[in-house]
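# Structural features, examined
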Amino acid sequence: MAAQAFTSSRVVLPGKIGALAVLVEGQRIVGVVPRNDVPDSIQVTDFGDSAILPGLVDSHIHINEPGRTEWEGFRTATRAAAAGGYTMLVDMPLNCVPATTSPEALEAKRKAALGQCRVDWAAWAGLVPENLEHIAALASAGVCGFKCFLVHPGIDEFTMVNEEHLRAALPNLKKTGLPLLVHAELPGPIDSATEKLMQADWRMYATYLKSRPDEAELRAIDLLIRLCEESGCRIHIVHLSTSKALASLRDAKHRGLPITVETCPHYLHLCSEEISNGATLHKCAPPIRSRENREALWQGLREGIIDLVATDHSPCPPAMKQMERGDFRAAWGGIPSVSLALSLMWTEASRRDCSLVDIARWMAEGPAKLAGVEERKGRLATGLDADMVVFDPEAEWTVTPADLHYRHALSPYLGKRLTGKVVMTFLRGECVYRQGSFPGEFRGREYPHNTFSTHKN
Ligand SMILES: [Zn+2]
């Protein structure tokens, strides 16, 4: 028997929205029924016309702790996540010190996270040339998969891999059944473009954009499709920026290759034509491209070539953004957005005739599948965690520093008018965010991938 019911006229399930009730007992969902079928005996919380979506899952976030907690940490990242409607984060292995490239580093991260989390989390491990022998140990220690870079990652303690390293690693990765996430840009096209821009004005966004041409992504993705085909290993392209790669990705998917793709709210919301010179808050890699490219990414998302949307939330201290100089070459690349992503996405999606069902698929179910936590997260269904976000899709509001909640109140979205606002977030049945406040204790915990006994690896 359910202990309580959460109802609204717009409960978002895979494939449909309806006037339903989510029945919750303890930390789990025990049923989803028509709103009128809720027994009188149980306590009902009715959210009226606000939508109830599954708690979002962010499969691409840089928490940076331990080691760079002054950039971002578990306490601030999970607080911002709760405010953004996220109930599960999967942390990237770099920018923290040590980088998550060994079982010892994973232990250090677990220690750092203890008692500090407002939402649940899990870890990706790094794949670097120096740790190919740790793959099996990291997999059995509970990481969800591995992340690597084909280009310099912007910090020195995490090294990039090349084709040869990947060929050596893929057979071992295949045995784990876990996905390899790849930053898909090759250095060749970037280096030769940058060389021609030595004398250019790096305050201009156009200079930065030229320095990271589509070609760098296209060549990397072609290589990854080849390696995916040869190895049969699950490969995931993180933060796709160029729409020009959609044709070969469509073809690879049609051929049945186990390749998946993500893009980010900034590629779907912003465009290069609207980025002012010197506006280094917009710097990320790969770069934000043209308006036409943005529309083609939306098409790729609607068609299912792009499987999911993750934030690539990657904050830094204000000085690193070089805002006074406005120098795109010197500024840190990374856009924090975990507290705003749902509103950013809904603002754009609702203009393009997409529904909250699509949003839940892109931002909850898709990322949960990638991380292998779909038995517990990402949908409103019996047996899953009672993770929910109450979202007012009609709210119109303007972003202020008080809405950000992460470590430093920096954002290219300050002052933007958005549609749709998170009202409340529930983690395993309990409220962790309510209109600007964070009730309750730090209940978030790690979900080590190896605890999912039903997973087929
Ligand atoms: Zn990233």
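Below or above, wherever it landed, is the structure these notes cover. Note that this is a predicted model, so its numbers are computed, not measured. (Residues numbered from 1 in each chain as written. Predicted model: local features only at pLDDT ≥ 70, side-chain atom pairs only at ≥ 80, totals over all residues. Heavy atoms only, no water.)

This paragraph deals with the overall build of the chain. For the chain, the helix and strand inventory stands at 12 helices and 17 strands. On C-alpha atoms alone, the chain measures out to a radius of gyration of 21 Å, which is about the 23 Å that the 2.2 N^0.38 rule sets for 457 residues. When the accessible surface of the chain is summed, it comes to about 16500 Å², and 50% of that surface belongs to carbon and sulfur atoms. Here the chain holds 50 positive side-chain charges and 55 negative ones, and the gap between their average locations is 1 Å. (Helix = DSSP H or I, 4+ residues; strand = E, 2+ residues; numbered from the N terminus. Rg over C-alpha atoms; globule rule 2.2 N^0.38 Å. Areas by Shrake-Rupley, 256 points an atom, 1.4 Å probe, with all protein chains shown as cover. Lys, Arg positive; Asp, Glu negative; His and termini not counted. Charge placed at Lys NZ, Arg CZ, Asp CG, Glu CD.)

Those protein atoms acting as donors to the zinc ion are His60 (NE2), His62 (NE2) and Asp312 (OD), and they sit at 2.1 to 2.2 Å. Here the donor residues for the zinc ion map to a single chain with the spacing H-x1-H-x249-D. Taken together, the residues span a long stretch of sequence, with His60 in strand E6 (residues 56-61) and Asp312 in the loop between strand E14 (308-309) and helix H11 (341-351) at a distance of 252 residues. Exposure class is identical for His60 and Asp312. Each is buried. (Donors = N, O, S within 2.8 Å, 3.2 Å for Na, K, Ca; no water. Buried < 20%, exposed > 50% of the residue type's maximum accessible area, 1.4 Å probe, protein only.)

Direction vectors running N to C along helix H4 (residues 163-176) and helix H7 (residues 214-231) enclose 40°, while the axes themselves pass 10 Å from each other. Relative to H7, the crossing made by H4 is right-handed. Across the interface between the two elements, Glu163, Leu166, Arg167, Leu170 and Lys174 from H4 touch Leu223, Leu224, Arg226, Leu227, Glu230 and Ser231 from H7. Each residue belonging to the contact of H4 with H7 can be placed in one class, and the counts come to five nonpolar, one polar and five charged. (Axes fitted to C-alpha atoms, helices over the stretch in contact; angles between N-to-C directions. Left-handed = near helix turned anticlockwise from the far one by under 90°. Contact = heavy atoms within 4.5 Å. Nonpolar A, V, L, I, M, F, W, Y, C, P; charged D, E, K, R; others polar.)

An order of E6-E7-E8 is seen for the three strands of this open sheet, with the pairing classed as parallel. Each edge of the open sheet is held by one strand with a lone partner, namely E6 and strand E8 (120-123). The sheet shows a mean angle of 20° between the axes of neighbouring strands, direction not considered. By the bridge criterion, four bridges tie strand E7 (residues 86-91) to E8 in an arrangement that is parallel. (Pairing = 2+ DSSP bridges.)

Turning to the pattern of salt bridges, a few remarks are in order. Inspection of the entire model under this criterion finds 32 salt bridges. The salt bridge partner of Arg10 is Glu394, with a shortest N-O separation of 2.8 Å. Of this pair, Arg10 sits in strand E1 (residues 4-13) while Glu394 is found in strand E15 (residues 388-398), placing the two residues 384 residues apart along the sequence. Classification of Arg10 by relative accessible area gives partly exposed; the value is 22%. Across the pair Asp307 and Lys253 runs a salt bridge whose closest N-O atoms are separated by 2.5 Å. Taken together, the positions of Asp307 in the loop between helix H10 (291-303) and E14 and Lys253 in helix H8 (residues 246-254) put the pair 54 residues apart, joining distant regions of the chain. Salt bridges here are not isolated pairs; linked through shared partners, they connect Arg28, Asp120, Arg376, Lys377, Asp385, Asp387 and Arg428. (Salt bridge = Lys/Arg side-chain N within 4 Å of Asp/Glu carboxyl O.)

Spatially, E9-E10-E11-E12-E13-E14 is the arrangement adopted by the six strands of the open sheet, whose pairing is parallel. Every interior strand has two partners, whereas the edge strands, strand E9 (125-126) and E14, have only one. Looking at chain direction, strand E13 (residues 259-263) and E14 are connected through two bridges and run parallel. Across the sheet, Glu262 pairs through a bridge with Leu308, a residue of E14.

With respect to the element layout, Arg212 can be found in the loop between helix H6 (205-211) and H7. Here Arg212 falls in the buried class, since its relative accessible area comes to 14%.

Another point: the state of the cysteines. Going through the model one piece at a time under the given rule, you end up with zero disulfides. Cys117 carries a free sulfur, and the closest cysteine sulfur to it, the one in Cys96, is 13 Å from it. The thiol sulfur of Cys144 is not disulfide-bonded, and the nearest other cysteine sulfur, from Cys117, lies at 14 Å. (Disulfide = S-S within 2.5 Å.)

Our next topic: H11. Taken across its 11 residues, H11 has nine buried, putting it largely inside the fold. The set of residues buried in H11 consists of Ala341, Leu342, Ser343, Leu344, Met345, Trp346, Thr347, Glu348 and Ala349. Looking one or two residues past H11, Asp353 carries a phi angle of roughly 65°, positive in sign.

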